[in-house]
Amino acid sequence: MRTALSRLALVSALSRIPSCSAAFVSAPRCAQRSVLLGRCPASAAASFDARGGRSATATGPRDTVVGRRSLSSFGSDPPVEIARVNKDGLEEIFEDIDRSGRDGSGYVVIDVRGEDEIAATGKISPHAETLPLPLIAMNGAFGLDEDEFEDAFGFTKPSMDETIVFSCKAGIRSYQAAQFAAMAGYSSLINYTGGADEWFR
């Protein structure tokens, strides 16, 4: 598990480079190693993208989920499904949080963009927490206990029974953040695929 986290931390750092896509994360280790050692360009990892979407049905705000992606888990556990939601679905989630609060709605929305990006556009909602992806990757954020998490990041750590909705600029880093959460044992995960690019359009 520690090796996988270290590898994903490096992958996450590389993903901030425009030529590194989400496909890099799903590429076979030998392909990733070739990219990391400079034997082939990072964009070549896109040809190894083995993830696929499939239709999903859900209830409530998840009626607008546009699909699911499977995250292969380590060990013998079944794969974790990471749902995808569009802008309409995220608006419904924020409305649910407005009506019932975090506890009543069961949702935690986390924006994984950098502080500078959020300063440039503003937050997608007052209900969205900010936790940049590099902090998730390097600090093992979802593996911290509740007090450590709150001290480090300024908001209450999501519980295992809450649904975590991740957002970023365009849906790539948010998907990676959902992968980190899945590795830490979270199973109700949603990726807002449009990100801030769509939200502020």
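The rules behind the values
- Residues numbered from 1 in each chain as written.
- Predicted model: local features only at pLDDT ≥ 70, side-chain atom pairs only at ≥ 80, totals over all residues.
- Heavy atoms only, no water.
- Salt bridge = Lys/Arg side-chain N within 4 Å of Asp/Glu carboxyl O.
- Helix = DSSP H or I, 4+ residues; strand = E, 2+ residues; numbered from the N terminus.
- Buried < 20%, exposed > 50% of the residue type's maximum accessible area, 1.4 Å probe, protein only.
- Expected span 1.5 Å × (residues − 1).
- Bend = angle between axes of the 7 residues up to and from the residue.
- Contact = heavy atoms within 4.5 Å.
- Polar contact = N/O pair within 3.5 Å; in protein donor to acceptor, adjacent residues only side chain to side chain.
- Core = buried A, V, L, I, M, F, W, Y, C linked by side-chain atoms within 4.5 Å.
- pLDDT = per-residue confidence, 0-100.
- Phe/Tyr/Trp six-rings, centres within 6.5 Å; stacked < 30°, edge-to-face > 60°.
- Lys NZ or Arg CZ within 6 Å of the ring centre and 35° of its normal.

*Asks:* Provide a residue-level description of the pattern of salt bridges, including the pertinent values.
*Replies:* One pass over the structure, following the stated rule, counts 5 salt bridges. The closest approach of N and O atoms between Arg102 and Glu162, which form a salt bridge, is 2.9 Å. Taken together, the positions of Arg102 in helix H4 (residues 87-105) and Glu162 in the loop between helix H7 (146-153) and strand S6 (163-167) put the pair 60 residues apart, joining distant regions of the chain. Of the residues examined, Glu162 reaches a relative accessible area of 8% and is grouped as buried. Across the pair Lys169 and Asp197 runs a salt bridge whose closest N-O atoms are separated by 3.1 Å. With Lys169 in the loop between S6 and helix H8 (172-183) and Asp197 in helix H9 (residues 195-199), this pair connects stretches of sequence that are 28 residues apart. Judged by its relative accessible area of 37%, Asp197 is partly exposed.

*Asks:* Which residues make up H4, and what values do they have?
*Replies:* Taking 1.5 Å per residue, 19 residues should reach 27 Å; H4 reaches only 18 Å between its end C-alpha atoms and comes up short. Along H4, the sharpest change in direction is near 90 degrees and occurs at Arg99. Within the span of H4, buried status applies to Gly89, Leu90, Ile93, Phe94, Asp96, Ile97 and Ser105. Among the structural elements, strand S3 (80-85), strand S4 (107-111), strand S5 (128-130), S6, strand S7 (189-192) and H9 are those in contact with the buried residues of H4. One side-chain oxygen of the residue at the start of H4 lies 3.3 Å from the amide nitrogen of Asp88, identifying that residue as Asn86.

*Asks:* Now, about the nonpolar core: what can you tell me, with residues and values included?
*Replies:* With 25 residues, the main nonpolar core has Ile110, Val112, Leu131, Ile136, Phe142, Phe166 and Leu189 as its most contacted residues. Contributing elements (two or more residues each) for this core: S3, S4, helix H6 (133-139), H7, S6 and H8. No other element matches the 6 residues that H8 contributes to this core. Once residues lying within four places of it in the same chain are set aside, the contact partners of Phe142 are Ile110, Ile136, Phe149, Lys157, Pro158, Ile164, Phe166, Ala177, Phe180, Ala181, Ala184 and Tyr186.

*Asks:* Describe the confidence of the model for the protein chain, listing the residues and the values that go with them.
*Replies:* Mean pLDDT over the protein chain works out to 75, with 61% of the residues at or above the 70 mark. Note that residues 1-76 has pLDDT below 50 and, in this model, 125 contacts with residues that lie over four places away or in other chains.

*Asks:* An account of the packing of aromatic side chains is needed here, citing residue identities and associated values.
*Replies:* Centre-to-centre distance and the angle between the planes together describe a pair of aromatic rings. Going through the model one piece at a time under the given rule, you end up with 7 aromatic pairs. An angle of 85 degrees between the planes, with centres 6.1 Å apart, marks the rings of Tyr192 and Trp199 as edge-to-face. Trp199 carries the same exposure label as Tyr192, and that label is buried. In textbook terms, an aromatic cluster arises when at least three aromatic residues are bridged by ring pairs, as seen for Phe142, Phe149, Phe153, Phe155, Phe166 and Tyr186. Lying across the ring of Trp199, Lys87 places its NZ or CZ 5.7 Å from the centre.

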